[in-house]
Amino acid sequence: MEKYFKMSYLIDIYSSLLTHKQLKVLEYYYDDDISLSEIASMLNISRQGVHDTLKRAEKIILEYDEKLNLLKKYEENIELLNRLEELSKDKESLSLIKEIRENL
């Protein structure tokens, strides 16, 4: 199940670097939990075409993240915000932390 969460985050981060078709296949498969056969029917392509598109798109976003490490940086920033939130006492600091979280 962890792979699904990781891929969902990676899709959010790198979606603008994918073709529309690659993005739809990834979203249907990982976010909506739709089978390859159902996706094929929805997109009017073969099941093998969906499989190939899925594997190609997965490879692309994994290669981007291997080079850019944006998911790791995002997770590190969330952890730093959690620690900062634990240390913060005043409402203004907590409000600023909340605003930063919303902009990540």
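Worth saying up front: this structure is predicted, and the values here are computed from it rather than measured. (Residues numbered from 1 in each chain as written. Predicted model: local features only at pLDDT ≥ 70, side-chain atom pairs only at ≥ 80, totals over all residues. Heavy atoms only, no water.)

Trainee: Please explain the packing of helix H2 (residues 20-31) against helix H4 (residues 47-68) as it appears in this structure.
Mentor: In a pair of packed helices, the angle between the axes and the distance between the axes together describe the arrangement. H4 packs onto H2 with a crossing angle of 95° between their chain directions and a minimal axis gap of 9 Å. With respect to each other, H2 and H4 are oriented roughly perpendicular. Where H2 approaches H4, its residues Lys21, Gln22, Val25, Leu26, Tyr29 and Tyr30 are matched on the opposing element by Val50, Thr53, Leu54, Arg56, Ala57, Glu58, Ile60 and Ile61. Considered class by class, the residues forming the contact of H2 with H4 number nine nonpolar, two polar and three charged. (Axes fitted to C-alpha atoms, helices over the stretch in contact; angles between N-to-C directions. Helix = DSSP H or I, 4+ residues; strand = E, 2+ residues; numbered from the N terminus. Parallel < 35°, antiparallel > 145°, perpendicular 65-115°, else oblique. Contact = heavy atoms within 4.5 Å. Nonpolar A, V, L, I, M, F, W, Y, C, P; charged D, E, K, R; others polar.)

Trainee: Can you help me understand the environment of Glu99 in this one?
Mentor: Here Glu99 shows up in helix H6 (residues 91-103). Along the primary structure Glu99 and Leu68 are separated by 31 residues, whereas in three dimensions their C-alpha atoms are 25 Å apart.

Trainee: Can you walk me through the pattern of salt bridges in this structure?
Mentor: In a structure, side chains of opposite charge can pair up when their charged atoms sit close to one another. One pass over the structure, following the stated rule, counts four salt bridges. Note that Glu58 and Lys55 form a salt bridge whose closest N and O atoms lie 3.3 Å from each other. Taken together, the positions of Glu58 and Lys55, both in helix H4 and three residues apart, correspond to about one turn of that helix. Judged by its relative accessible area of 39%, Lys55 falls in the partly exposed class. For the salt bridge of Glu85 with Arg101, the shortest nitrogen-to-oxygen distance reads 3.2 Å. (Salt bridge = Lys/Arg side-chain N within 4 Å of Asp/Glu carboxyl O. Buried < 20%, exposed > 50% of the residue type's maximum accessible area, 1.4 Å probe, protein only.)

Trainee: I'm lost on a negative patch on the surface in this one. Help?
Mentor: A cluster of like negative charges, contributed by Asp12, Asp31, Asp32, Asp33 and Glu38, occupies part of the molecular surface. Topologically, Asp33 is positioned in the loop between H2 and helix H3 (36-43). (Patch = residues over 30% accessible without salt bridge, like charges linked within 9 Å, V, L, I, M, F, W, Y side chains within 5 Å. Areas by Shrake-Rupley, 256 points an atom, 1.4 Å probe, with all protein chains shown as cover. Lys, Arg positive; Asp, Glu negative; His and termini not counted. Charge placed at Lys NZ, Arg CZ, Asp CG, Glu CD.)

Trainee: Even after reading the chapter, I still don't get the nonpolar core, so can you show me in this structure?
Mentor: Note on soluble globular proteins: their nonpolar side chains tend to be buried together. Counting residues in hydrophobic clusters, the biggest one holds 19 residues, and the most contacted among them are Leu26 and Ile61. Among the elements that take part in this core, H2 stands out by supplying five residues, more than any other. Once residues lying within four places of it in the same chain are set aside, the contact partners of Leu26 are Ile11, Leu18, Asp31, Leu54, Ala57, Glu58 and Ile61. (Core = buried A, V, L, I, M, F, W, Y, C linked by side-chain atoms within 4.5 Å.)

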